[in-house]
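Structural overview
These are the residues of each chain, in order.
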Amino acid sequence: MIIFALGKLIEKAGMKQLGFLANQSCTHEIVVSADWGQEIFRFTVMTQPLDSIANAIRAFLSWCRDNPTLTSEEFWGNFGNDIDGREFESVADVLDNVRPSLDPNEEICDSDSWNAALAFSVLKTIIELLDYASAENYWVVCEHWGGFESA
């Protein structure tokens with residue numbers, strides 16, 4: 001659910017290059033056909049320098065901090081909780097205190113949640129992964145499930 005909020009914020013921030021984070025753009029698409037219809041998978045292969053993508057995400061997080069009203073509206077005022085259960089009180093509180101996680105469903109909140117803590121934790125994790133991949137000269141691919149289409 002957070003990809004919808006992130007998509008709206010990415011549009012408002014004018015950062016279309018980050019559309020892949022919200023399933024708004026991709027470089028490759030695979031369609032698997034069956035008798036009932038099709039299942040779609042979208043992939044973005046990072047071709048530009050990974051540090052530029054990480055810096056764009058950092059700039060987006062700064063934009064969210066500088067635009068707390070717009071950011072809060074897209075998450076319906078739901079900032080989420082920290083690891084100890086304390087409710088975050090603002091966009092800045094979440095940005096300052098939520099941490100990256102390789103298991104956000106367990107450590108942050110349920111994946112169906114529509115809150116800023118999950119979104120910002122995922123973005124911080126992506127930044128760390130991009131920094132690591134850049135340092136190790138690895139490729140990075142972002143995948144989004146595109147859904148089902150009935151026949």
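To be clear, the structure that these remarks concern was listed above.
Reading the values: rules and limits
- Residues numbered from 1 in each chain as written.
- Predicted model: local features only at pLDDT ≥ 70, side-chain atom pairs only at ≥ 80, totals over all residues.
- Heavy atoms only, no water.
- Pairing = 2+ DSSP bridges.
- Helix = DSSP H or I, 4+ residues; strand = E, 2+ residues; numbered from the N terminus.
- Core = buried A, V, L, I, M, F, W, Y, C linked by side-chain atoms within 4.5 Å.
- Buried < 20%, exposed > 50% of the residue type's maximum accessible area, 1.4 Å probe, protein only.
- Contact = heavy atoms within 4.5 Å.
- Axes fitted to C-alpha atoms, helices over the stretch in contact; angles between N-to-C directions.
- Parallel < 35°, antiparallel > 145°, perpendicular 65-115°, else oblique.
- Nonpolar A, V, L, I, M, F, W, Y, C, P; charged D, E, K, R; others polar.
- Patch = residues over 30% accessible without salt bridge, like charges linked within 9 Å, V, L, I, M, F, W, Y side chains within 5 Å.
- Areas by Shrake-Rupley, 256 points an atom, 1.4 Å probe, with all protein chains shown as cover.
- Salt bridge = Lys/Arg side-chain N within 4 Å of Asp/Glu carboxyl O.
- Phe/Tyr/Trp six-rings, centres within 6.5 Å; stacked < 30°, edge-to-face > 60°.
- Polar contact = N/O pair within 3.5 Å; in protein donor to acceptor, adjacent residues only side chain to side chain.

With seven bridges joining them, strand β1 (residues 28–34) and strand β2 (residues 37–45) adopt antiparallel strand pairing. Directly across from Glu29, in β2, lies its bridge partner Arg42. If you look at the hairpin formed by β1 and β2, you'll find two residues sitting between the two strands.

To continue, consider the nonpolar core. Core analysis: the biggest nonpolar cluster contains 42 residues, and Leu18, Ile57, Phe60, Phe75, Val94, Phe120 and Leu123 have the highest contact counts within it. The contacts of Phe75, once residues within four sequence positions are left out, are Ala5, Leu6, Leu9, Trp114, Asn115, Ala116, Ala119 and Phe120.

Moving on, we get to the pairing of β2. Here β2 pairs with strand β3 (residues 141–150) via nine bridges, running antiparallel. Bridge pairing in β3 places Phe43 opposite Glu143.

In this section: the side chain of Asp93. Following the sequence through the fold, Asp93 ends up in helix α4 (residues 91–97). The class of Asp93 is buried, set by a relative accessible area of 11%. In contact with Asp93, not counting residues within four places along its chain, are Arg86, Glu87 and Phe88.

Helix α2 (residues 50–66) packs onto helix α1 (residues 2–13) with a crossing angle of 90 degrees between their chain directions and a minimal axis gap of 11 Å. Looking at the two axes, α1 sits roughly perpendicular to α2. Here Leu6, Leu9, Ile10, Lys12 and Ala13 of α1 lie close against α2, whose contacting residues are Phe60, Trp63 and Cys64. Along the lines of polarity and charge, the residues of the contact of α1 with α2 split into seven nonpolar, no polar and one charged.

As a further point, take a nonpolar patch on the surface. Residues Trp36, Trp145 and Phe148 make up a contiguous nonpolar surface patch of roughly 380 Å² in combined accessible area. Here Trp145 lies in strand β3.

Our focus in this paragraph is the packing of aromatic side chains. This model, assessed by the stated rule, comprises five aromatic pairs. Between Phe75 and Phe120, the aromatic rings sit 6.0 Å apart at their centres with planes inclined by 70 degrees, giving edge-to-face as the arrangement. In this pair, Phe75 is assigned in the loop between α3 (68–74) and α4 and Phe120 in helix α6 (residues 116–136), connecting sequence segments 45 residues apart. Of the two residues, Phe75 and Phe120, neither departs from the other in class, the shared state being buried. Here Tyr132 and Tyr138 contribute two aromatic rings whose centre-to-centre distance is 5.9 Å and whose plane-to-plane angle is 55 degrees, an arrangement assigned as tilted. Given a relative accessible area of 48%, Tyr132 falls into the partly exposed group. For Tyr138, a relative accessible area of 45% puts it in the partly exposed group.

Here the focus is the side chain of Ser101. With respect to the secondary-structure elements, Ser101 resides in the loop between α4 and α5 (104–107). Judged by its relative accessible area of 5%, Ser101 is buried. At a separation of 3.0 Å, a polar atom in the side chain of Ser101 contacts the main-chain amide nitrogen of Asp103. In this structure Ser101 touches Glu107, Ile108, Ser121 and Thr125, once residues within four positions along its chain are discounted.

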